[in-house]
Amino acid sequence: MLRVGMLTSGGDCQALNAAMRGVVKTLLNMSDEPLEIYGFLDGYQGLIYSRFKMLTGKDFSGILTEGGTMLGTSRTPFKDIEKPDANGLNKVDAMLQNYYKLQLDCLVILGGNGTHKTANLLREKGLNIITLPKTIDNDLWGTDMTFGFQSAVDIATNAIDCIHTTAASHGRVFIVEVMGHKVGWLTLNAGMAGGADIILLPEIPYDINKICKKIEERDKNGSRFTIIAVAEGAISKEDAKLSKKEMKKKMENYPYPSVSYEVAARIQEKTGREVRVTVPGHVQRGGSPCPYDRVFASRLGAEAGKLILDRQFGFMVGYKDREIVRVSLEDVAGKLKYLSPDATIIQEAKMLGISFGD
Ligand code: F6P
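The rules behind these values
Residues numbered from 1 in each chain as written. Predicted model: local features only at pLDDT ≥ 70, side-chain atom pairs only at ≥ 80, totals over all residues. Heavy atoms only, no water. Helix = DSSP H or I, 4+ residues; strand = E, 2+ residues; numbered from the N terminus. Rg over C-alpha atoms; globule rule 2.2 N^0.38 Å. Buried < 20%, exposed > 50% of the residue type's maximum accessible area, 1.4 Å probe, protein only. Contact = heavy atoms within 4.5 Å. Pairing = 2+ DSSP bridges. Salt bridge = Lys/Arg side-chain N within 4 Å of Asp/Glu carboxyl O. Axes fitted to C-alpha atoms, helices over the stretch in contact; angles between N-to-C directions.

The next subject is the overall build of the protein chain. Looking only at helices and strands, one finds 13 helices and 11 strands in the protein chain. Against the 2.2 N^0.38 benchmark of 21 Å for 358 residues, the protein chain shows a C-alpha radius of gyration of 22 Å, consistent with a compact globule. Its C-alpha atoms give the protein chain principal-axis dimensions of about 70 × 40 × 30 Å. Among the 358 residues that make up the protein chain, the fraction classed as buried is 53%. Long-range pairs, those at least 24 residues apart, make up 73% of the contacts in the protein chain with a sequence separation of at least 6.

Moving on: the pairing of strand β10 (residues 315–320). Judged by how many residues are buried, β10 sits mostly within the fold: five of six residues are covered. Where strand β5 (residues 129–133) meets β10, two bridges bridge the pair, whose relative direction is parallel. Paired with Thr-131 across the bridge in β10 is Met-316. Where β10 lies against strand β11 (residues 323–328), six bridges are found, and the strand directions are antiparallel. Paired with Met-316 across the bridge in β11 is Val-327. Between β10 and β11, which follow one another and run antiparallel, lie two residues, and Asp-321 among them has a positive phi close to 45°.

The next point concerns the pattern of salt bridges. Under the definition given, this model contains 19 salt bridges. Note that Arg-285 is salt-bridged to Asp-12, the shortest N-O span being 3.0 Å. Here Arg-285 is found in the loop between β9 (275–278) and α11 (291–309), whereas its partner Asp-12 is found in the loop between β1 (2–8) and α1 (16–30), with 273 residues between them in sequence. Its salt-bridge partner being Arg-172, residue Glu-274 comes within 3.4 Å of it at the nearest N-O pair. Separated by 102 residues along the polypeptide, Glu-274 in the loop between α10 (259–271) and β9 and Arg-172 in the loop between α5 (149–170) and β6 (173–178) bring together distant segments of the chain. Classification of Glu-274 by relative accessible area gives partly exposed; the value is 37%. By relative accessible area, Arg-172 is classed as buried at 14%. Among the charged side chains, a salt-bridge network with shared partners connects Lys-79, Asp-80 and Lys-83.

In this section: the sheet that holds strand β7 (residues 198–200). Read from one edge of the open sheet, four strands run β7-β8-β6-β9, paired in parallel fashion. In this open sheet, the two strands that pair with only one neighbour each are β7 and β9. Neighbour-to-neighbour, the strand axes of this sheet turn through a mean angle of 20°, independent of strand direction. Packing of α5 onto the sheet brings it into contact with β6, β8 (226–231) and β9, and relative to β6 it is tilted by some 170°. Sheet strands touched by helix α6 (residues 185–193): β6, β7 and β8. Its angle to β7, the strand with the most contacts, is close to 170°.

Here you go:
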């Protein structure tokens, strides 16, 4: 008997269901060993509080194209994981106990950065763990790509495409704020795909004067509008110099809902141009996975299934140089994959005339 636990943790994204389906289909197709699947509900919460449902192969049929996660998810911050809960429960011990009580052979964990830190902690405590890299941010170290990313690029690009037509009609400056947390992968890709004129990324602090100069240049060249793709984590050169404490102080009295509104206000003030802000927000994480993500998540799931059958644990299944690879969990945990300002894609974007406000 093979007993496999599964959970999805952190912000959801497209293709979580496709990835889980990939694992289970592989286990069922590649082995005659009887299989019990324990689906823990709402991420680590399900493992801590023993909330799970027993699943069969049938539960994984017809979910390839479904967005969200059939198991539910939640954020369980790593920084609090070793603190007792409100009732004094030791959460890590509870997870270990539930794993052993159910006599699990392994736990498949689908998640992003925070999730991987906890997954690695459970591995260190002796559990058999396999992880799959999910996040629209594409910021997980150890893999060139995460599933959910390409679907989010499609949605954010579509938002920029829609803004393009109205911006052109009105001759306005338009900002589209793209998710991505502290990294710029999503904004860069959607910005380039949507033909943005200016792209602001967390990894390349911006100078507002350079942004205004680019807008004015476009005006002079007869372009009636400017599209700016702004990463939600974008930061100005002045702010990039602030200490953590100074930044915290600034944010206490911050009058804007997000960075895009600050950029908009400063452009308006400096150029007198009419600026509008669009924030697609969680739409970027929603809906059906794009075909790329369906295939990609299925491939990752298949490899995870194979690792389980080979009894190889302690790995994240990732993607490197166009190959599905296994990466040691201890190498992945706690590291973010930033976009390098020197990356060739940034240089190419600059050759195309895109400004990064630097
Ligand atoms: O990590 C995925 C992500 O969508 C980020 O891009 C974003 O900053 C964050 O999650 C939003 O988190 P929440 O869903 O908790 O608001």
